[in-house]
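# Structure assessment
Chain by chain, the residues:
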Amino acid sequence: MENNWANEFYKMQYEFIGNYPEQFYQESANEILAQIGQPVHSLLELGAWDGSLARALSKDINQITTVELVEEMAEQAKALNPDHIEAVHGSFYDVHLLQKFEAVIYIDGFGVGGDDDQLKLLNNIYHWLEDDGCALIDIYQPEHWKKADGFEMYPDPRNMSHIKRRYSYDFENDIMMDTWWHEKDEKLNSTQYLKCYTPEEIYNLCKQAGLNIIGYFPHGVMDYDNLKYQEHASLEECMFYRIKLTK
């Protein structure tokens with residue numbers, strides 16, 4: 001299963017952004033390992049881009065498999081990965097993986113499609129997870145994105161002065177929309193659509209898949225009036241929060 005916009009949008013975003021500094025991924029890897037809270041020997045990463053985060057994690061994890069929808073990014077991962085990382089090109093809704101993993105992560109991007117799509121993905125994660133393993137998933141918080149509705153900005157004014165983005169919110173269906181376009185031609189645009197969930201809503205959805213939330217990790221919040229990112233925020237105000245799941 002693949003939403004029509006996903007491949008185009010993430011390919012465009014990667015072409016515009018390129019890659020983050022290695023330190024960014026190492027800090028993310030350290031946070032993930034701390035949140036997992038125990039040594040793991042096998043890990044599955046969903047929506048892995050070019051494998052940069054997996055490579056940072058591979059210093060501490062013996063075997064990693066990544067799944068990436070955009071073929072160009074999956075091929076880039078294969079070219080750069082060490083031998084103990086396997087990069088798979090495909091949709092994590094439909095990909096067939098026989099192995100089970102001690103940890104499964106989906107960092108940024110959960111919410112593609114409707115509730116049925118999320119439930120299918122959570123059922124897949126249940127299947128891929130070892131009985132004593134855990135999963136970490138980032139969830140977009142609806143209250144933050146309601147406030148961002150209509151806001152426009154340059155995602156990287158120094159390096160991409162010609163690229164703008166606009167946040168919109170579908171209040172009826174709780175979907176955050178993120179549109180990028182070339183400043184000289186707004187018709188050349190691409191949009192991602194991510195379903196947002198309150199902690200209670202995602203808890204109930206996970207329960208349907210047989211998964212239990214045992215931890216919430218709120219991330220920061222964007223002050224759009226002053227264009228400043230605040231690193232710490234409450235679970236009710238944050239841009240997104242991470243959940244820790246077990247069977």
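Quick caveat: nothing in here was measured; it's all calculated off a predicted structure.

### Observations regarding the packing of aromatic side chains
The tally for this structure, following the rule as stated, stands at 18 aromatic pairs. A ring pair is formed by tyrosine 106 and phenylalanine 110, whose centres lie 6.3 Å apart and whose planes are at 70°; its orientation type is edge-to-face. Of the two residues examined, tyrosine 106 and phenylalanine 110, each falls in the buried class. Taking 6.2 Å as the distance between ring centres and 25° as the angle between the ring planes, the aromatic pair formed by tyrosine 140 and phenylalanine 240 counts as stacked. Within this pair, whereas tyrosine 140 is found in strand S5 (residues 129-140), its partner phenylalanine 240 is found in strand S13 (residues 240-246), the two being separated by 100 residues in sequence. Note on tyrosine 140: relative accessible area 8%, which makes it buried.

### Concerning the side chain of glutamine 13
Looking at where glutamine 13 falls in the secondary structure, it is placed in helix H1 (residues 4-17). Every residue in contact with glutamine 13, bar those within four places of it in the chain, is listed here: Gly18, Trp49 and Trp180.

### Here's the deal with the sheet that holds S13
Strand order in the open sheet formed by seven strands is S3-S2-S1-S4-S5-S13-S10, and the pairing between neighbours is mixed. Pairing within the sheet leaves two strands with one partner each, and these edge strands are strand S3 (85-89) and strand S10 (212-218). Direction aside, the axes of adjacent strands within the sheet are offset by 15° on average. Pairing of strand S1 (residues 42-46) with strand S2 (residues 63-68) involves five bridges; the strand directions are parallel.

### Topic: unusual backbone geometry
For aspartate 108, which is not glycine, the phi dihedral falls at a positive 70°. Along the polypeptide, aspartate 108 turns up in the loop between strand S4 (101-106) and helix H5 (115-128). For aspartate 174, which is not glycine, the phi torsion reads 55° and is therefore positive. When you line up the elements, aspartate 174 lands in the loop between strand S7 (163-170) and strand S8 (175-182).

Parameters and conventions
Residues numbered from 1 in each chain as written. Predicted model: local features only at pLDDT ≥ 70, side-chain atom pairs only at ≥ 80, totals over all residues. Heavy atoms only, no water. Phe/Tyr/Trp six-rings, centres within 6.5 Å; stacked < 30°, edge-to-face > 60°. Buried < 20%, exposed > 50% of the residue type's maximum accessible area, 1.4 Å probe, protein only. Helix = DSSP H or I, 4+ residues; strand = E, 2+ residues; numbered from the N terminus. Contact = heavy atoms within 4.5 Å. Pairing = 2+ DSSP bridges. Axes fitted to C-alpha atoms, helices over the stretch in contact; angles between N-to-C directions.

In short, the description is geometric, and any link to function would need to be established separately.
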